[in-house]
Amino acid sequence: MRLTGTSTFARDIPVSADGRTSVQLQHRGPSMEITGGVIAGLGGGALVFGFVNGEGLSGSQSNEGNIVWNIMSITAGGTFLLLGLPTFFSGLLGDHDAVFIETPGRAAEMARRD
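The rules behind each value
- Residues numbered from 1 in each chain as written.
- Predicted model: local features only at pLDDT ≥ 70, side-chain atom pairs only at ≥ 80, totals over all residues.
- Heavy atoms only, no water.
- Helix = DSSP H or I, 4+ residues; strand = E, 2+ residues; numbered from the N terminus.
- Buried < 20%, exposed > 50% of the residue type's maximum accessible area, 1.4 Å probe, protein only.
- Contact = heavy atoms within 4.5 Å.
- Expected span 1.5 Å × (residues − 1).
- Arc of directions from axis to C-beta.
- Patch = residues over 30% accessible without salt bridge, like charges linked within 9 Å, V, L, I, M, F, W, Y side chains within 5 Å.
- Areas by Shrake-Rupley, 256 points an atom, 1.4 Å probe, with all protein chains shown as cover.
- Salt bridge = Lys/Arg side-chain N within 4 Å of Asp/Glu carboxyl O.
- pLDDT = per-residue confidence, 0-100.

1. Topic: the overall build of the protein
And then number 1: In terms of regular secondary structure, the protein is built from two helices and five strands.
And then number 2: Listing each helix as α and each strand as β along the protein from the N terminus yields β-β-β-α-α-β-β.
And then number 3: Taken over 114 residues, the protein has a buried fraction of 25%.
And then number 4: Contacts in the protein between residues far apart in sequence, at least 24 positions, make up 66% of those at least 6 positions apart.

This is the structure:
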């Protein structure tokens with residue numbers, strides 16, 4: 001079997017004697033990259049805001065509340081950045097297409113692009 005499109009699969013598919021072999025074509029869209037990119041972008045923005053905010057938005061002389069706000073922004077921003085970047089890159093670099101082959105009496109097989 002040879003499938004063409006965004007990926008090429010060159011794969012021999014064993015067919016059972018009674019013809020109950022099933023083949024599923026899977027294509028994963030860009031949702032993983034978009035989600036990871038949004039999370040990383042929000043985290044990076046919060047991280048930069050926490051470092052640059054200094055005196056706070058109000059510009060008042062009381063920095064106690066601003067320090068707590070900055071620490072929370074840095075902590076949350078760093079966490080979102082550390083969670084979003086691996087999700088973004090694993091989606092970006094991972095396989096988007098696959099073929100799942102199910103033959104009765106055998107374990108299911110998955111073929112990724114060549």
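So, next bit.
2. Brief notes about helix α1 (residues 31-52)
And then number 1: Given a rise of 1.5 Å per residue, 22 residues ought to cover 32 Å, and the 31 Å separating the end C-alpha atoms of α1 matches this to within 8%.
And then number 2: Restricting attention to buried positions, one finds in α1 the residues E33, G36, A40, G43, G44 and G50. Down the axis of α1, the buried set is contained in an arc of 130°. They therefore lie on one face. Across α1 from its buried face, at more than 90 degrees, point the exposed residues I34, L42 and V52.

3. A word on a nonpolar patch on the surface
And then number 1: On the surface, L85, F89, L92 and L93 cluster together into a nonpolar patch covering about 390 Å² of accessible area.
And then number 2: Tracing the backbone through its elements, the reader meets L92 in helix α2 (residues 64-93).
And then number 3: Relative accessible area serves as the criterion here: at 42%, L92 is assigned to the partly exposed category.

4. Here we look at the environment of G94
And then number 1: By the secondary structure assignment, G94 is in the loop between α2 and β4 (97-102).
And then number 2: Residue classification places G94 among the buried residues on the basis of a relative accessible area of 17%.
And then number 3: For the pair G94 and E33, spaced 61 residues apart in the sequence, the C-alpha separation amounts to 10.0 Å.

5. Points about the environment of V68
And then number 1: In this fold, V68 is placed in helix α2.
And then number 2: By relative accessible area, which is 48% here, V68 ends up partly exposed.
And then number 3: The spacing of V68 and G50 is 18 residues in sequence and 9.8 Å in space, taken between C-alpha atoms.

6. Some thoughts on the side chain of S73
And then number 1: Tracing the chain through its elements places S73 in helix α2.
And then number 2: Among the residues examined, S73 registers a relative accessible area of 9% and is labelled buried.
And then number 3: If we skip the residues at most four places from it in the chain, S73 touches A46, L47, F49 and G50.

7. Some remarks on the environment of N66
And then number 1: Relative to the assigned elements, N66 resides in helix α2.
And then number 2: On the basis of relative accessibility, which here comes to 13%, the residue N66 falls in the buried class.
And then number 3: Spatially, the C-alpha atoms of N66 and G50 are 9.4 Å apart, while their sequence positions differ by 16 residues.

8. A closer look at the confidence of the model for the protein
And then number 1: Here the protein shows a mean pLDDT of 76. Residues at 70 or above account for 69%.
And then number 2: Of all helices and strands in the protein, the one with the weakest mean pLDDT is strand β1 (residues 2-3) (54), whereas α1 scores best (90).

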